[in-house]
Amino acid sequence: MGLMENVPKVLDPLPGGSRLADAVDYVVNWARSRSIWPLTFGTSCCAIEMMAASMARYDISRFGSEVFRASPRQADLFIVAGTIVEKMAEPLVRLYEQMPGPKWVIAMGSCTISGGPFYYDNYSVVKGVDRLIPVDVFVPGCPPRPEALLNGLVLLQEKIRKETLRNPRRPGEPLSAPAEDRWARAKEAWEELERIKDEQMAEARAKFAAEHPDYKPPKPPRAEKPAFPEVAREPAPHAGWNARAVADAVHARFPELKLFRLGDVAPEVLEARPADWIPSFEVPSGKLLEVARWLKDGELKMDFPLLLTSVDRLDRFELVAQLMNSSTSARVELRVPVEKIFPEGGSYAAGEKNQKYGATAPSLVPVWPGMGWHEREIYDLMGIRFEGNPDMRRIFLEEDFPGHPLRKDFDMPGRAIPRHA
Ligand code: SF4
């Protein structure tokens, strides 16, 4: 406000001055409300509807809201549209702080308003953007349609027009009101209904059995199942490299490797596999790099790393890597057991939550640099460190996030709390 706040002080003592101050109020608020500049900030599906609102069909400019700005310094309306995760919270607050005042906020969509479908059992979603910044207008929906956003904008304009120079707007503090657990109440009500229904059913069954002691339910008629002719599964023509040929080639070079869950590579085993099978080999962690280098540079020329992921098998982890030859489309899968390393005295015990243990595996980055981000994802969510990865940092979650949320013993740390409470 600055200079404008002093206008009533100057005008009020003058004859007719307060009327003039009211007129200034009217003109200033009218100008502000008809020239709102929104900041571009969309994080997920709701953002698509926000974009639609600015396109020709809905044309948000008709309502005096100009083009979206890419810089907070050129915007006075923050439309937060989409899911906000904890990692985003800090940049979001910084953007809000960088906007010059007076500034307003519209929270668009269930996710922004309350966490939406991610409210329960989620370790990363902020349960309402009003826990981070003050919100002027809430536009509910999942997602709200562009018309709803336009309605939210009109409501905001009404709100702006009610502001006065004598009582200028001061954005409030972010809310930290405890959320009402309606889900738990609904669950209780539902369970009660189920109980009543079961009682009534039991009563009705007993009554029926007493009235019809000889009743036997008729056998339901069986529908005829049409017999479909069996279709032979033909191997895809991969320039000579079908799954069996790939398995044979790997077996010839590494005869000690076994097929995942199938055991030794034997002709009868391979014959029984479907044509679209991807040969999957169990590879000890210590041999992984040797096998990987041969797959890349040897006759199979597996030059394309399709995926690298991990499984928590409780007593150990397992890495799963799939590789492809981009010319022939031949594929192979590697399954690598990774030991869980407990601190001295610790051990695997089912049911215990958030246990402290480590795990390491050799990095595949020296062979396929593209594996780097996959390894960071596994490190972030499963806590397996990759020796040889030059950038072993978390990729999604904050550096200080407690634990690794895809581990089976992970327990919710209750992170999504108001930062300003
Ligand atoms: S509220 Fe619905 S549509 Fe909007 S971001 Fe969340 S899930 Fe997507």
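Given the structure is predicted, the values throughout are model-derived calculations rather than measurements. Along each chain, the written sequence defines residue order, and numbers are assigned to residues from 1. Selection of residues for local features in this predicted model requires a pLDDT of at least 70, selection of side-chain atom pairs for listing and counting requires 80 or more, and totals for whole chains, interfaces and linings are taken over all residues.

Before going further, it helps to examine the overall build of the protein chain. Going along the chain from the N terminus, every DSSP run of H or I of four or more residues is numbered as a helix, and every run of E of two or more is numbered as a strand. Scanning the protein chain from N- to C-terminus turns up 11 helices and 11 strands. Taken against the 2.2 N^0.38 rule, which gives 22 Å for 421 residues, the C-alpha radius of gyration of the protein chain at 32 Å runs more than 25% over that of a compact globule. If one aligns the C-alpha atoms of the protein chain with their principal axes, the spans along those axes are about 105 × 80 × 55 Å. Whether a residue is buried, exposed or partly exposed is read from the other C-beta atoms within 10 Å of its own C-beta, which are placed from the backbone; 20 or more gives buried, 12 or fewer gives exposed, and intermediate counts give partly exposed. Across the 421 residues that make up the protein chain, the buried fraction comes to 29%. C-beta atoms are first placed from the backbone for all residues, and any pair lying within 7 Å is then listed as a contact. Restricting to contacts in the protein chain with at least 6 residues of sequence separation, those with at least 24 account for 67%. Based on C-alpha atoms, the radius of gyration is set beside the globule rule, defined as 2.2 Å times the residue count to the power 0.38.

Turning our eyes to something else, we now look at the nonpolar core. Core analysis: the biggest nonpolar cluster contains 39 residues, and Phe78, Ile79, Val80, Ile106, Ala107 and Met108 have the highest contact counts within it. Of all the elements in the fold, those that place two or more residues in this core are helix H3 (45-54), strand E2 (77-81), helix H4 (86-98), strand E3 (104-108), helix H5 (110-114), strand E4 (137-139) and helix H6 (146-161). Setting aside its immediate chain neighbours within four residues, Val80 contacts Phe41, Val105, Ala107, Met108, Thr112 and Val129. In terms of nonpolar packing, the next biggest core, distinct from the first, is built from 38 residues, Val291, Leu295, Leu334 and Val336 among them. What we call a nonpolar core is a set of buried Ala, Val, Leu, Ile, Met, Phe, Trp, Tyr and Cys residues whose membership is set by joining through C-beta atoms within 7 Å.

The next thing to look at is the domain arrangement of the protein chain. The domain boundaries assigned to the protein chain delineate domain 1 (2-161) and domain 2 (243-387). Domain delimitation follows an automatic or database domain assignment. Each of domain 1 and domain 2 has a C-alpha centre, and these two points are 49 Å apart.

On to the pairing of E3. By the criterion of burial, E3 is predominantly enclosed, with five of the five residues buried. Burial of the side chains of E3 extends over both faces: Trp104, Ile106 and Met108 are buried on one face and Val105 and Ala107 on the other. When DSSP locates at least two bridges between a pair of strands, those strands are taken to pair. Where E2 meets E3, five bridges bridge the pair, whose relative direction is parallel. Among the inter-strand pairings, Leu77 is bridged to a residue of E3, identified as Trp104. In this fold, the crossover linking E2 to E3 by way of H4 has right-handed handedness. Sheet topology note: the E3/E4 ladder contains three bridges and is parallel. Residue Met108 lies in a different strand from E4, and its bridge partner there is Val139. Crossovers are described as right-handed under a simple rule: with the strands pointing away from the observer, the path leading from the first strand over the helix to the second runs clockwise.

Our focus in this paragraph is the site of the ligand. Near the ligand, the surroundings consist of Ser44, Cys45, Cys46, Gly82, Thr83, Gly109, Ser110, Cys111, Gly116, Pro117, Cys142 and Pro143. Three categories are distinguished: nonpolar for Ala, Val, Leu, Ile, Met, Phe, Trp, Tyr, Cys and Pro, charged for Asp, Glu, Lys and Arg, and polar for the others, with Gly belonging to the last. Class assignment for the residues of the shell around the ligand results in six nonpolar, six polar and no charged. Each residue gets a C-beta atom placed from its backbone. Should that atom fall within 6 Å of a molecule or strand, the residue is termed near it.

Looking at the secondary structure, you find Glu224 in the loop between helix H7 (182-211) and helix H8 (243-253). In this structure, the C-alpha to C-alpha distance between Glu224 and Lys187, residues 37 residues apart in sequence, is 41 Å.

Taking 1.5 Å per residue, 16 residues should reach 22 Å; H6 reaches 23 Å between its end C-alpha atoms and fits that length. Listing the buried residues of H6 in full gives Pro146, Leu149, Gly152, Leu153, Leu156, Gln157 and Ile160. Buried positions in H6, seen along its axis, are confined to an arc of 145° and lie on one side of it. In H6, the exposed positions angled more than 90 degrees off the buried face are occupied by Glu147 and Glu158. Each helix should span, by expectation, one fewer than its residue count multiplied by 1.5 Å. Directions drawn from the helix axis to the C-beta atoms are what define this arc.

Next up on the list: unusual backbone geometry. Across the junction of Gly101 and Pro102, the peptide omega takes the value -5°, indicating a cis bond. Within the secondary structure, Pro102 sits in the loop between H4 and E3. Note the cis peptide between Cys142 and Pro143, where omega equals -10°. Along the chain, Pro143 turns up in the loop between E4 and H6.

This part takes up the sheet that holds strand E5 (residues 258-259). One open sheet accounts for five strands, arranged E5-E6-E9-E8-E7; its pairing is mixed. At either end of the open sheet lies a strand with only one pairing partner, and these are E5 and strand E7 (304-312). As paired elements, E7 and strand E8 (residues 316-324) share eight bridges and run antiparallel to each other. Bridge pairing links Leu308 to Ala321 in E8. Strands in contact with helix H11 (residues 371-382) are E7 and E8; relative to E7, the strand with the most contacts, it is inclined by about 10°. To define axes, lines are fitted to C-alpha atoms, for helices over the stretch in contact only, and angles between the resulting N-to-C directions are given on a 0 to 180 degree scale.

Further remarks concern the packing of helix H2 (residues 17-33) against H6. Contact geometry for H2 and H6: axes closest at 8 Å, N-to-C directions at 160°. In terms of orientation, H2 and H6 fall into the roughly antiparallel class. For the pair H2 and H6, the sense of crossing is right-handed. Touching Asn29, Trp30, Arg32 and Ser33 of H2 are Gln157, Ile160 and Arg161, all from H6. Taken together, the residues of the contact of H2 with H6 break down into two nonpolar, three polar and two charged. If an angle is under 35 degrees, it is roughly parallel; if it is over 145, roughly antiparallel; if it lies from 65 to 115, roughly perpendicular; otherwise it is oblique. For a crossing to be left-handed, the near helix must be turned anticlockwise from the far one by less than a right angle; the clockwise case is right-handed.

Moving on, we come to the packing of H3 against H6. At a minimum axis distance of 8 Å, the contact between H3 and H6 shows a crossing angle of 70°. With respect to each other, H3 and H6 are oriented roughly perpendicular. Contacts between H3 and H6 involve Glu49, Met50, Ala52 and Ala53 from the first element and Pro146, Leu149 and Leu150 from the second. Partitioned by chemical class, the residues of the contact of H3 with H6 number six nonpolar, no polar and one charged.

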